[in-house]
Amino acid sequence: METYIITFKHGNYAVATYNKLIGYGIKNIRLSQTPFSIRSECDMCIKAFGKDALNAVLREGSLRNSIDNAYSAVNINGSYIYKLIH
């Protein structure tokens, strides 16, 4: 399953977006710390598992203009490689 990391401009935006999506019944997302290898001002991010979950997070974050970047995460030999997608 594809894993995506969505970073936000501020931690409050990440938490608010996560809570809103959980309220909508989106199950394939997780609130977590931003990986060290991704340079971001915000220390919180949302991990989305699958394209549908990614689209839901991007759609909700776009309403608030709160998304900083989105990355695709690929596990290669036990470590993740991140590719900017948005």
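Model, not experiment: these values are computed from the prediction.

*Asks:* Sorry, what's going on with the pairing of strand E3 (residues 44–49) here?
*Replies:* If a strand is regular, its side chains alternate between the two faces of the sheet. Where strand E1 (residues 3–8) meets E3, five bridges bridge the pair, whose relative direction is antiparallel. When the bridges of E3 are listed, Ile 5 appears paired with Lys 47. Sheet topology note: the strand E2 (residues 29–33)/E3 ladder contains five bridges and is antiparallel. Residue pairing for E3: Arg 30 is matched across the bridge by Lys 47.

*Asks:* I tried to follow the side chain of Ser 72 on my own but got confused; where do I start?
*Replies:* Along the chain, the position of Ser 72 falls in strand E4 (residues 67–76). Residue Ser 72 is classed as buried on the basis of its relative accessible area, which comes to 17%. Leave out the neighbours within four places in its chain, and Ser 72 touches Thr 3, Tyr 4, Ile 81, Tyr 82, Lys 83 and Ile 85.

*Asks:* Please clarify how the sheet that holds E1 should be interpreted in this entry.
*Replies:* Sheet strands associate in pairs through backbone hydrogen bonding, adopting either a parallel or an antiparallel arrangement. Pairing in this open sheet of five strands is antiparallel, and the strands run E2-E3-E1-E4-E5 from one edge to the other. Each of the sheet's edge strands pairs with one partner strand only, and the pair in question is E2 and strand E5 (79–84). Sheet twist, expressed as the average angle between the axes of neighbouring strands with direction ignored, equals 30°. The pairing of E4 with E5 spans six bridges and is classified as antiparallel. When the bridges of E5 are listed, Ala 73 appears paired with Tyr 82. Each of E1, E2 and E3 touches helix H1 (residues 11–24); the most contacted strand, E2, lies at about 160° to it.

*Asks:* In this structure, what is going on with unusual backbone geometry? I would like to understand it.
*Replies:* Only a minority of non-glycine residues have a phi that is not negative, and only a minority of peptide bonds are not trans. Even without being glycine, Asn 77 reaches a positive phi, approximately 55°. Summarising the element assignment, Asn 77 is placed in the loop between E4 and E5. On the basis of relative accessible area, Asn 77 is assigned to the exposed category, the value being 81%.

So, how was this worked out
Residues numbered from 1 in each chain as written. Predicted model: local features only at pLDDT ≥ 70, side-chain atom pairs only at ≥ 80, totals over all residues. Heavy atoms only, no water. Pairing = 2+ DSSP bridges. Helix = DSSP H or I, 4+ residues; strand = E, 2+ residues; numbered from the N terminus. Buried < 20%, exposed > 50% of the residue type's maximum accessible area, 1.4 Å probe, protein only. Contact = heavy atoms within 4.5 Å. Axes fitted to C-alpha atoms, helices over the stretch in contact; angles between N-to-C directions.

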